[in-house]
There are 2 protein chains.
Amino acid sequence: MKLRAVGEDALLASLLRGLPVSRRVIAATGDDCAVVESPGRKTSLVLKTDCVVEKIHFASAADPILIGWKAMMRPLSDFAAISAVPQFALVTLVVPATRSTMWIKKLYRGLQRAASRFDVGIVGGETSATRGPAVISVGVTGFVEKGRWISRAGGKKGDDLFVTGRLGGSLRGRHLRFVPRINESRWLTKNFRIHAMMDLSDGLGADLPRLAKASKLGFKIDREKLPLAVGAKIRNAISDGEDYELLFAISPRDRNRLQKSWRKKFPNLLLTRIGRLAQPLNNSTSQLLPGGYVHFQ
Amino acid sequence: MKLRAVGEDALLASLLRGLPVSRRVIAATGDDCAVVESPGRKTSLVLKTDCVVEKIHFASAADPILIGWKAMMRPLSDFAAISAVPQFALVTLVVPATRSTMWIKKLYRGLQRAASRFDVGIVGGETSATRGPAVISVGVTGFVEKGRWISRAGGKKGDDLFVTGRLGGSLRGRHLRFVPRINESRWLTKNFRIHAMMDLSDGLGADLPRLAKASKLGFKIDREKLPLAVGAKIRNAISDGEDYELLFAISPRDRNRLQKSWRKKFPNLLLTRIGRLAQPLNNSTSQLLPGGYVHFQ
């Protein structure tokens with residue numbers, strides 16, 4: 001059945017029916033807003049919105065379950081980036097009226113699967129028709145304990161720079177199936193003093209300079225040490241983007257303890273020291289990297 | 001200058017620079033998430049996202065300041081609908097790379113103007129290119145005191161039904177300039193026991209049956225009493241949509257006090273009793289109305 005043959009109410013109702021509802025949710029879909037329990041006083045509220053656009057972030061023929069997965073996991077990766085806990089998600093679907101309802105249902109299955117993985121409740125949805133490509137926008141609300149959130153700005157000169165996982169070649173498939181590093185990020189801030197952190201979405205070559213700039217520093221990278229995904233070359237690790245791995249800065253004094261306890265806690269996920277934060281050279285970044293993916297270019 | 005000639009970072013920085021930052025905002029743009037102060041323990045968190053799509057919600061040639069205004073005011077109208085207070089907004093812009101930066105800047109000026117009107121802080125933004133029409137998605141977070149939020153479901157048999165303002169003909173211009181009834185809604189719940197409430201976005205003919213259905217009731221409307229916008233006919237008031245006025249149910253015992261104190265408090269805004277909630281007839285709504293605007297049809 002085509003979307004245009006279904007009313008918006010009926011569609012939303014069928015999409016959202018049966019979504020698990022947490023006791024923290026006071027009112028969700030079916031009313032004008034979602035109403036949920038406030039986080040406690042010892043926490044701050046964390047907000048993030050992101051979107052995926054057909055033909056930009058996914059091919060039209062991609063599996064809608066995976067598109068939904070990616071649409072949800074992208075903002076969740078930003079929660080990992082600052083070490084926050086996501087709780088509630090709102091989904092805006094903008095889709096051509098000619099798209100099949102099956103496609104939408106699968107998309108929602110992917111959104112739901114991804115949300116469940118991190119105990120996130122989808123508490124609201126909005127849909128609109130469009131005459132162009134599909135857009136899925138996901139807004140996420142959650143919390144972080146006061147004093148625990150990690151910005152990009154706290155890096156210190158001489159800090160080790162680490163990345164999780166392997167970089168490059170994500171567009172061959174990983175970008176639709178990645179798991180945000182929320183558990184790893186929470187473990188890091190529970191056990192270590194992380195100075196600065198972010199998630200790698202536009203590629204190391206674009207993202208690392210952002211972290212360095214926010215920390216008012218430069219950086220030295222050992223390109224030969226970059227952890228490469230299967231089939232990826234160094235330039236892919238620097239420029240491809242969509243890795244959704246963590247990049248963080250930590251004192252070299254913590255190096256041994258970090259590497260040892262990481263291997264024990266996450267034996268299947270690589271942690272690689274790729275370089276360090278350094279004095280800035282000139283006004284620009286201290287080392288030229290071929291730029292990562294920059295939108296609009 | 002075209003968007004594709006500007007990096008995403010530079011664009012977002014220039015858009016978000018100079019936005020007023022409340023002391024409640026701990027981190028906003030420039031990091032991976034926005035971090036803000038939690039609402040107190042006596043309140044619930046309220047979440048809403050909505051979007052406007054080029055050629056669906058606005059014409060391509062519309063003034064971008066007004067498009068931005070509308071994109072922000074739509075979710076704020078949902079806060080009015082449940083009598084909540086909006087605080088923080090996240091904006092996702094999906095625009096063709098060929099659109100001028102001036103257009104985007106004006107759009108943001110409209111978003112900002114609308115947000116300021118209700119003391120809402122824009123704490124995050126995301127942009128993406130698209131090969132199709134522009135989409136502006138706005139997610140808003142805020143609070144409502146426990147016990148104060150009004151759902152659609154609390155209407156009682158015999159309740160008076162009131163609407164604010166005038167209905168119909170919104171697409172001739174009002175839909176780009178409306179002011180959500182947040183102040184009116186907060187005043188109502190401060191001074192009266194409102195049983196059920198919503199904002200009229202799809203037209204009385206589509207929205208009233210939703211409120212009645214949520215309250216498990218039918219309704220009787222006096223069509224001749226509908227408050228018509230200049231140039232609008234009864235069928236416009238029922239079907240046009242995008243009125244963004246309040247529809248609410250309240251005991252007839254409060255009628256006199258409500259009407260009297262409303263005229264005193266809001267002398268320039270009409271408040272009209274349009275009918276009442278009644279026993280449901282059959283399984284459907286008790287009175288046939290030509291449908292309001294239903295998306296996808």
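Residues numbered from 1 in each chain as written. Chains lettered and ligands numbered in written order. Predicted model: local features only at pLDDT ≥ 70, side-chain atom pairs only at ≥ 80, totals over all residues. Heavy atoms only, no water.

Comments concerning the overall build of chain A
Counting its regular elements, chain A contains seven helices and eleven strands. A total of 297 residues make up chain A; the buried ones form 64% of that total. Sequence separation of at least 24 residues holds for 86% of the intrachain contacts in chain A that already meet a minimum separation of 6. (Helix = DSSP H or I, 4+ residues; strand = E, 2+ residues; numbered from the N terminus. Buried < 20%, exposed > 50% of the residue type's maximum accessible area, 1.4 Å probe, protein only. Contact = heavy atoms within 4.5 Å.)

Regarding the domain arrangement of chain A
All names here are of chain A. Partitioning chain A into domains gives domain 1 (3–145) and domain 2 (160–278). Residue-level contacts link 21 residues of domain 1 with 18 residues of domain 2. When domain 1 packs against domain 2, close to 1700 Å² is buried across both sides, 59% of that on carbon and sulfur atoms. The tally of links between domain 1 and domain 2 comes to two salt bridges. Arg186 is the salt-bridge partner of Glu145, the closest N and O atoms lying 2.7 Å from each other. Our enumeration of links across domain 1 and domain 2 arrives at ten residue pairs in polar contact (both at pLDDT 80 or more). Of all the elements in the fold, those that place two or more residues in the side of domain 1 that touches domain 2 are α2 (64–82), β4 (85–96) and β6 (135–145). Of the residues forming the side of domain 1 that touches domain 2, the biggest block, eleven residues, is contributed by α2. (Domains from an automatic or database assignment. Buried area = accessible area lost by both parts, 1.4 Å probe. Salt bridge = Lys/Arg side-chain N within 4 Å of Asp/Glu carboxyl O. Polar contact = N/O pair within 3.5 Å; in protein donor to acceptor, adjacent residues only side chain to side chain.)

What about the packing of aromatic side chains?
Residues and elements named next belong to chain B. Counted under the stated rule, the structure contains twelve aromatic pairs over all chains. Judged by centre distance (5.7 Å) and plane angle (55°), the rings of Trp187 and Phe192 are tilted. Neither residue differs from the other here; Trp187 and Phe192 are each classed as buried. Taking 5.4 Å as the distance between ring centres and 85° as the angle between the ring planes, the aromatic pair formed by Trp187 and Phe266 counts as edge-to-face. In this pair, Trp187 is assigned in helix α4 (residues 182–191) and Phe266 in the loop between α7 (255–265) and β11 (271–278), connecting sequence segments 79 residues apart. (Phe/Tyr/Trp six-rings, centres within 6.5 Å; stacked < 30°, edge-to-face > 60°.)

So, the pairing of strand β4 (residues 85–96) of chain B
Residue and element names in this part refer to chain B. Counting buried positions along β4 gives eleven out of twelve residues, so the element sits mostly inside the fold. Pairing between β4 and strand β6 (residues 135–145): nine bridges, direction antiparallel. Directly across from Ala89, in β6, lies its bridge partner Val140. In terms of strand pairing, β4 meets strand β5 (residues 121–130) through nine bridges, oriented parallel. Along β5, the bridge assignment pairs Leu90 with Gly124. (Pairing = 2+ DSSP bridges.)

Here's the deal with helix α2 (residues 64–82) of chain B
The periodicity of an α-helix, 3.6 residues per turn, causes residues three or four places apart in sequence to face the same way. Residue and element names in this part refer to chain B. Its 19 residues give α2 an end-to-end C-alpha distance of 29 Å, which sits within 8% of 27 Å, the value for a rise of 1.5 Å per residue. Its axis deflected by about 30° at Arg74, α2 carries its strongest bend there, up to four residues before the proline Pro75. Taken across its 19 residues, α2 has 19 buried, putting it largely inside the fold. The N-cap of α2, judged by a side-chain oxygen 2.9 Å from the amide nitrogen of Ile65 a few residues on, is Asp63. Downstream of α2 by one or two residues, Ser83 has phi in the positive range, about 70°. (Expected span 1.5 Å × (residues − 1). Bend = angle between axes of the 7 residues up to and from the residue.)

Comments concerning the pattern of salt bridges
Summed over all chains, the structure comprises 24 salt bridges over all chains. Note that Glu54 of chain A is salt-bridged to Arg99 of chain A, the shortest N-O span being 3.2 Å. On the criterion of sequence distance, the pair formed by Glu54 of chain A in the loop between β3 (43–53) and α2 and Arg99 of chain A in the loop between β4 and α3 (101–117) is long-range, its members being 45 residues apart. Across the pair, Arg99 of chain A and Glu54 of chain A agree in class, each one buried. Its salt-bridge partner being Arg255 of chain B, residue Asp160 of chain B comes within 2.7 Å of it at the nearest N-O pair. One end of the pair, Asp160 of chain B, is in strand β7 (residues 160–164); the other, Arg255 of chain B, is in helix α7, and 95 residues separate them in sequence. Classification of Arg255 of chain B as partly exposed rests on a relative accessible area of 24%. Within the structure, one salt-bridge network assembled from shared partners comprises Lys48 and Asp78 of chain A together with Glu126 of chain B.

What to know about the nonpolar core
Counting 56 residues, the largest nonpolar core has Met72, Ile136, Leu188 and Phe248 of chain A as its most contacted members. By residue number, the principal contributor to this core is α2 of chain A, which donates eleven residues. Excluding its chain neighbours within four sequence positions, the residues that come into contact with Ile136 of chain A are Asp50, Cys51, Val52, Phe58, Ile67, Ala71, Val91, Thr92, Leu93 and Leu107 of chain A. By size, the runner-up hydrophobic cluster in this structure holds 55 residues, among which are Cys33 of chain A together with Leu93, Ile104 and Ala134 of chain B. (Core = buried A, V, L, I, M, F, W, Y, C linked by side-chain atoms within 4.5 Å.)

Here's the deal with the sheet that holds strand β8 (residues 194–199) of chain B
Residue and element names in this part refer to chain B. The five strands are arranged β8-β10-β7-β11-β9 in an open sheet whose pairing can be described as antiparallel. The sheet terminates laterally at β8 and β9 (218–221), the two strands that pair on one side only. Strand-to-strand twist in this sheet, taken as the mean axis angle between neighbours without regard to direction, amounts to 30°. Both β8 and strand β10 (residues 246–250) contribute to a ladder of five bridges, which runs antiparallel. Its bridge partner being in β10, Ala196 is matched across the sheet by Ala249. (Axes fitted to C-alpha atoms, helices over the stretch in contact; angles between N-to-C directions.)

Observations regarding unusual backbone geometry
Residues and elements named next belong to chain A. Despite not being glycine, Ser83 has its phi angle at roughly 70°, a positive value. With respect to the helices and strands, the residue Ser83 is situated in the loop between α2 and β4. The exposure class assigned to Ser83 is buried, which follows from its relative accessible area of 1%.

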